[in-house]
Amino acid sequence: TRMISPWDRWYSTSCCLCCHVRTGTIILGIWYMLINAVVLLILLSALNDPVQYRYHLTSSELGTDVDVMDDANICIATAISLLMILICGMATYGAYKQHAAWIIPFFCYQIFDFVLNTLVAISVVVYPNTVQDYLQQLPGTFPYKEDIMSTNNMCLVFAVLIFIGCILSFKAYLIGCVWNCYRYVSGRGSTEVLVYVTTNDTTVLLPPYEEAVATPPKEPPPRYMEA
């Protein structure tokens, strides 16, 4: 019996809502593009009118007056949004036109994002007090801030870990969908159309149709008639 690798065991051409992995990757790429497009519009509006979109934390919240967003940070965020729109557009085009290489940047971004969220979960486990420190940095107008801070620290850590675990599970599923789409597209691009003609004791492997059409048939050598 042939051993099945873990990659082949988890390989599937269908994803959520019983749609094809190509369709799921296209929908995911368009969704990411829309989100980043909205963020980009907000950032461009902030660059055009910095007075209106520049927020300051008042002294009643943290005791200091700190700029949350300056021009340099807005430019960096704008460049990141443009890069994300480009990567998501490449994945959408690659899934639609069945170009596997165009899907790789989006897949790498998913892996990077998954690793960052995993590091956040590890930091919460190693340093449980970071949850309380983060809650103290929230503005005073944050809803139910005092009630949340009065909760037991271990309960807070457990709730945060469950929340991050759900996010990681969902992200891992999306990574699997994109990876299956990449395998499907690359498989279709590299698999040749093979035609088998079998007899009782022989099997003849014919060349692909495209190759057979492109290559003209070889003419038989001329036969000379005997005088």
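All values derive from a computational prediction rather than experimental measurement.

A.B. asks: It is not clear to me how the overall build of the protein chain should be interpreted in this structure. Could you clarify?
C.D. replies: Each helix and strand counted, the protein chain has 10 helices and four strands in total. Written out in order from the N terminus, the α and β elements of the protein chain read α-α-α-β-α-β-α-α-α-α-α-β-β-α. Going through the 227 residues of the protein chain one by one, you find that 23% of them count as buried. Counted over contacts in the protein chain with a minimum sequence separation of 6, partners at least 24 positions apart contribute 62%. Accessible surface for the protein chain amounts to roughly 16,700 Å². Of this, 67% is attributable to carbon and sulfur atoms.

A.B. asks: I tried to follow empty space enclosed by the protein on my own but got confused; where do I start?
C.D. replies: Leftover empty space is mapped by rolling, across the atoms, a probe with the size of a water molecule. Scanning the model with the defined rule gives one cavity of 30 Å³ or more in all. Taken as a whole, the largest cavity encloses approximately 50 Å³ of empty space. Residue lining of the largest cavity: Tyr32, Tyr109, Gln110, Asp113, Lys171, Leu174 and Ile175, and that is the complete set. Those elements giving two or more residues to the lining of the largest cavity turn out to be helix H6 (104–126) and helix H9 (153–190). For the lining of the largest cavity, a count of residues per class yields four nonpolar, one polar and two charged.

A.B. asks: Where do I start with the confidence of the model for the protein chain in this structure?
C.D. replies: Should the pLDDT be low somewhere, the predicted coordinates at that spot are not to be read in detail. Overall, the predicted model of the protein chain reaches an average pLDDT of 75, with 64% of residues at or above 70. Model confidence for the protein chain, summarised as mean pLDDT per element, is weakest for strand S1 (residues 56–57) at 40 and strongest for H6 at 92. This model gives residues 192–204 a pLDDT under 50, and the stretch forms 17 contacts once residues within four places in sequence are excluded.

A.B. asks: Sorry, what's going on with a nonpolar patch on the surface here?
C.D. replies: Residues Ile111, Phe112, Val115, Leu116, Leu119, Ile122, Val125, Val126 and Tyr127 make up a contiguous nonpolar surface patch of roughly 850 Å² in combined accessible area. Looking at Ile122, the relative accessible area reads 44%, which means it is partly exposed.

A.B. asks: How should I be thinking about the packing of aromatic side chains in this particular structure?
C.D. replies: For any pair of aromatic rings, geometry is given as the distance between the ring centres together with the angle between the planes. Throughout the structure, instances matching the rule amount to six aromatic pairs. A centroid spacing of 4.9 Å and a plane angle of 55° characterise the contact between Tyr93 and Trp102, whose relative ring orientation is tilted. Judged by relative accessible area, Tyr93 falls into the partly exposed class, the value being 37%. In this structure Trp102 comes out as partly exposed when scored by relative accessible area, which is 36%. With a centroid separation of 6.2 Å and an interplanar angle of 35°, the aromatic rings of Phe106 and Tyr109 are classed as tilted. Highlighted residues: Phe106 and Tyr109, both in helix H6, separated by three residues, approximately one helical turn. For Phe106, a relative accessible area of 0% gives the class buried. Classification of Tyr109 as partly exposed rests on a relative accessible area of 22%. One aromatic cluster is present, formed by Tyr32, Phe106 and Tyr109 through successive ring pairs.

A.B. asks: Help me understand the UniProt feature "transmembrane region" (unreviewed entry) in the protein chain, please; the structure alone is not making it clear to me.
C.D. replies: The residues that UniProt annotates with the feature "transmembrane region" (unreviewed entry) are residues 30–51, 72–96, 102–127 and 154–174. With 88% helix and 0% strand, residues 102–127 has its two end C-alpha atoms placed 39 Å apart.

A.B. asks: Would you mind showing me how to read H6 here?
C.D. replies: Because each turn of an α-helix spans 3.6 residues, side chains separated by three or four positions in sequence point in the same direction. Taking 1.5 Å per residue as the helical rise, H6 with its 23 residues ought to reach 33 Å, and the 33 Å between its terminal C-alpha atoms agrees with that figure. Burial in H6 covers these residues: Phe106, Phe107, Gln110, Asp113, Asn117, Ala121 and Val124.

A.B. asks: Just to check I follow, could you spell out the side chain of Gln110 for this structure?
C.D. replies: Following the sequence through the fold, Gln110 ends up in helix H6. Taking relative accessible area as the criterion, Gln110 reaches 6% and is therefore assigned buried. Setting aside its immediate chain neighbours within four residues, Gln110 contacts Leu28, Leu174, Ile175 and Val178.

A.B. asks: Would you mind showing me how to read the nonpolar core here?
C.D. replies: Note on soluble globular proteins: their nonpolar side chains tend to be buried together. One finds Leu28, Ile103, Phe106, Val178, Cys181 and Val185 to be the most contacted residues of the largest nonpolar core, which totals 19 residues. Among residues more than four places away in sequence, those in contact with Cys181 are Val21, Arg22, Thr25, Ala95 and Ile103. Residues Ala121, Val124, Val131 and Val157 belong to the second largest nonpolar core, which totals nine residues.

A.B. asks: Please explain the layout of surface pockets as it appears in this structure.
C.D. replies: Space inside the second largest pocket adds up to approximately 240 Å³. The wall of the second largest pocket is formed by 12 residues, among which Thr130, Val131, Tyr134, Leu135 and Val160 lie closest to the centre. Tallied by class, residues from the lining of the second largest pocket come to 10 nonpolar, two polar and no charged.

Reading the values: the criteria
- Residues numbered from 1 in each chain as written.
- Predicted model: local features only at pLDDT ≥ 70, side-chain atom pairs only at ≥ 80, totals over all residues.
- Heavy atoms only, no water.
- Helix = DSSP H or I, 4+ residues; strand = E, 2+ residues; numbered from the N terminus.
- Buried < 20%, exposed > 50% of the residue type's maximum accessible area, 1.4 Å probe, protein only.
- Contact = heavy atoms within 4.5 Å.
- Areas by Shrake-Rupley, 256 points an atom, 1.4 Å probe, with all protein chains shown as cover.
- 1 Å grid on protein atoms, 1.4 Å probe; cavity = no way out; pocket = protein on both sides within 12 Å on 5 of 7 lines; lining within 4 Å.
- Points joined across faces, edges and corners; volume = space filled by probe spheres on them.
- Nonpolar A, V, L, I, M, F, W, Y, C, P; charged D, E, K, R; others polar.
- pLDDT = per-residue confidence, 0-100.
- Patch = residues over 30% accessible without salt bridge, like charges linked within 9 Å, V, L, I, M, F, W, Y side chains within 5 Å.
- Salt bridge = Lys/Arg side-chain N within 4 Å of Asp/Glu carboxyl O.
- Phe/Tyr/Trp six-rings, centres within 6.5 Å; stacked < 30°, edge-to-face > 60°.
- UniProt positions renumbered as here; feature names shortened; annotations may be inferred.
- Expected span 1.5 Å × (residues − 1).
- Core = buried A, V, L, I, M, F, W, Y, C linked by side-chain atoms within 4.5 Å.

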